[in-house]
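Commentary on secondary and tertiary structure
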There are 2 protein chains.
Amino acid sequence: MNHPGERLADLGEWELLRRLAAFAPAGQFDDDAALLNEREGRTLVVNTDVLVEGLHFSDATMTPADLGWRAAAANLSDLAAMGCRSVVGLTVGLVAPASTPWRWVEQVYVGLDEALQRYGGTLLGGDCSGGAQRLLALTALGHLGHGPIRRSSGRPGDLLVSTGPHGLSRLGLALLLGELAPEAVSQALRARAIEAHRRPLPRLDAVGALIQSQPPGHTWRVAGTDSSDGLVAAVAGIARASGCQALLDHAALPLDAELAGLPQGEAWCLAGGEDFELVLALDPGWAKALVAALPGATLLGTLAAGQGVAWRQGDRPFPSCCAGFTHFR
Amino acid sequence: MNHPGERLADLGEWELLRRLAAFAPAGQFDDDAALLNEREGRTLVVNTDVLVEGLHFSDATMTPADLGWRAAAANLSDLAAMGCRSVVGLTVGLVAPASTPWRWVEQVYVGLDEALQRYGGTLLGGDCSGGAQRLLALTALGHLGHGPIRRSSGRPGDLLVSTGPHGLSRLGLALLLGELAPEAVSQALRARAIEAHRRPLPRLDAVGALIQSQPPGHTWRVAGTDSSDGLVAAVAGIARASGCQALLDHAALPLDAELAGLPQGEAWCLAGGEDFELVLALDPGWAKALVAALPGATLLGTLAAGQGVAWRQGDRPFPSCCAGFTHFR
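Predicted model only: the values in this text are computed from it and were never measured.

Analysis parameters
- Residues numbered from 1 in each chain as written.
- Chains lettered and ligands numbered in written order.
- Predicted model: local features only at pLDDT ≥ 70, side-chain atom pairs only at ≥ 80, totals over all residues.
- Heavy atoms only, no water.
- Axes fitted to C-alpha atoms, helices over the stretch in contact; angles between N-to-C directions.
- Helix = DSSP H or I, 4+ residues; strand = E, 2+ residues; numbered from the N terminus.
- Parallel < 35°, antiparallel > 145°, perpendicular 65-115°, else oblique.
- Contact = heavy atoms within 4.5 Å.
- Nonpolar A, V, L, I, M, F, W, Y, C, P; charged D, E, K, R; others polar.
- Buried < 20%, exposed > 50% of the residue type's maximum accessible area, 1.4 Å probe, protein only.
- Pairing = 2+ DSSP bridges.
- Least-squares fit on C-alpha atoms with pLDDT ≥ 70 in both.
- Buried area = accessible area lost by both parts, 1.4 Å probe.
- Salt bridge = Lys/Arg side-chain N within 4 Å of Asp/Glu carboxyl O.
- Polar contact = N/O pair within 3.5 Å; in protein donor to acceptor, adjacent residues only side chain to side chain.
- Domains from an automatic or database assignment.

Now for the packing of helix α4 (residues 168–177) of chain A against helix α5 (residues 187–198) of chain A. Residues and elements named next belong to chain A. At a minimum axis separation of 7 Å, α4 and α5 run at an interaxial angle of 100°. In this view, α4 runs roughly perpendicular relative to α5, as classed from their interaxial angle. Along its contact with α4, which presents L168, S169, L171, G172, L173, L175 and L176, the element α5 presents L189, R190, R192, A193, I194, A196, H197 and R198. Of the residues belonging to the contact of α4 with α5, the class tally is 9 nonpolar, 3 polar and 3 charged.

Residues and elements named next belong to chain B. Here strand β7 (residues 223–226) shows no split at all, with A223 and T225 on one side and G224 and D226 on the other all buried. Pairing of β7 with strand β9 (residues 278–282), which is carried by 4 bridges, proceeds in the antiparallel orientation. Directly across from G224, in β9, lies its bridge partner L280.

Attention now goes to the relation of the copies chain B and chain A. With an RMSD of 0.0 Å, the fit of chain B onto chain A corresponds to turning through 180° and sliding 0.0 Å along the axis. Between the two chains, the operation in question is that of a two-fold axis. When the interface residues of chain B are mapped onto chain A, 100% of them are again interface residues, pointing to one common binding face.

Counting from both sides, the interface comprises 64 residues of chain B and, opposite them, 65 residues of chain A. Here chain B packs against chain A, burying approximately 5,500 Å² in sum over the two surfaces, 67% of which is carbon and sulfur. Counting every contact that joins chain B to chain A gives 0 salt bridges. Linking chain B with chain A are 19 residue pairs in polar contact (both at pLDDT 80 or more). Breaking the side of chain B that touches chain A down by element, the ones donating at least two residues are α1 (8–21), β1 (34–37), β2 (43–52), β3 (84–95), α3 (102–119), β4 (122–129) and β5 (135–144) of chain B. Across the side of chain B that touches chain A, the residue classes break down as 35 nonpolar, 17 polar and 12 charged.

A separate point is the domain arrangement of chain A. All names here are of chain A. Taken domain by domain, chain A consists of domain 1 (31–144) and domain 2 (151–326). Taking only C-alpha atoms into account, the centre of domain 1 sits 24 Å from that of domain 2. Listed as interface residues are 22 residues of domain 1 and, on the opposing side, 22 residues of domain 2. Of the roughly 2,100 Å² buried at the junction of domain 1 and domain 2 (both faces included), carbon and sulfur atoms supply 53%. Linking domain 1 with domain 2 are 4 salt bridges. Ionic pairing is found between E114 and R199, a salt bridge with its closest N-O pair at 2.6 Å. Taken together, the connections running from domain 1 to domain 2 amount to 8 residue pairs in polar contact (both at pLDDT 80 or more). For the side of domain 1 that touches domain 2, the secondary-structure elements that each account for two or more residues are α2 (64–82), β3 (84–95) and α3 (102–119). Considering only residue class, the side of domain 1 that touches domain 2 consists of 11 nonpolar, 3 polar and 8 charged.

See the structure below:
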């Protein structure tokens, strides 16, 4: 696999991460973030994200304060996906050309600060540099609420839970980019979708509900990840790491009713990405208790013996957006 | 100071950091890294550095494995400058164009891994992205050995200590860039200087010596920083934060004898930068005990009432490279 002339474009992100994982302790790259044991059993979680202008953000679709919020939210979502309930803080590496207005940088920090004000934690420090292109490299630190959430903890018979609806962020992006005319959706949905895209909410609160709904006597075993790369990607990641097949219930897609009426609605729900909800696989009793306790949370389907992702209902094919997940590559 | 049309180029790095510090708790940006108190009194230290191709590194002067080592070393040096003796690990944000050879990325990680093998800690995780320009954003985590080292802890009467010589890294860069002919220095110095530039050694070991040389009954009070930005910049940073004047002993410059014979030798010692030694201000008894205990460590001068940096010997002027530090801006 390792040819002298290989370029990153030949590898793709997953193969690149697989190769880089060889430099870390076994299993270290399997989850959304790293766990560090402190004394007295408390566990620190650390996560690094890089956001590059033109790839991950654009002045065309959000203000710099939205960017700061979003960068923090994406990073805190990875903490939530590991089981964090509280945030210690963030470090920020900022790169920008010398011609960048100070006001742009200031507003990015205003957005970062708004997210930290809402979720707790402080700006811990950082570094600044010139560079050809604007980008942010954030590292977030948090503490586990109770136990860890791992992609690999699922078992056949588990129920799949989503902490909220999917597809809104992608709808918001489509509206902002003009892919979809504003009048294609109601004013209320338009506002919700744009807010979902610009100001996503990391689900640290859902970790609290998860802990509180743990049935008495039940040991801590929670499989999960966040849906930053899309709902089916999240489900597929759990299925693969857990050595299971994920069966999704088509009638139970976590899809807004109005969005379901759009031609793209189902595809955006399955693969739009950046909704930053948690997708979990839990023992049925716990899953039902969580859905009862957490408004907006829904049951999606089950884990079963096998591999890949499929509909629970017979031979209904997945839309082409998700074909890559139905059988593992 | 805050004009609508201001650009980052108008501010400079220090003013930019000063403004960003307003988003963090008071004092958080004053030192090389952030302190986080864990339970049981152990203190975690976190530091983020960004290295951008063309500004901080170049294929012309080092291999990708050197770059990986150097990036880790620069980041671990900030941990040492806070008083860390042990390393928990690193997260790595890597940005590179899709045309980048995999072999380049692999070798960067080989160098990072070599540094972690030497100093302890593991690769904790990270993120990869495409981008216009190669860059690394590293976050290092470590634990304090005993107490913190802060720029602001100096007092008049303290002695200034350097943990090693200065100017070698700049000499190495000059040789690699062809600014200086190879035959201008001996083969032994050439090899040392190029090694100092490509494979700098963060002084976590010096923190161990500092702890061991603490005189009995002496409370922990250690002022210091690392010399990544140059020896005089380090001394000036301590003087400014401590509200003192730093008086340097010209006869005691931590300068290799052969390097002292070059026309640029003294300027490179004072302002070359990237030697990654620790510069400390300590009670005289402790300073002398440390210099006796740590091979290569030397006394540089003293802190006194006043401000800025000056020679202890009367009216000898600082070379122009350091004029900005003699009186605080």
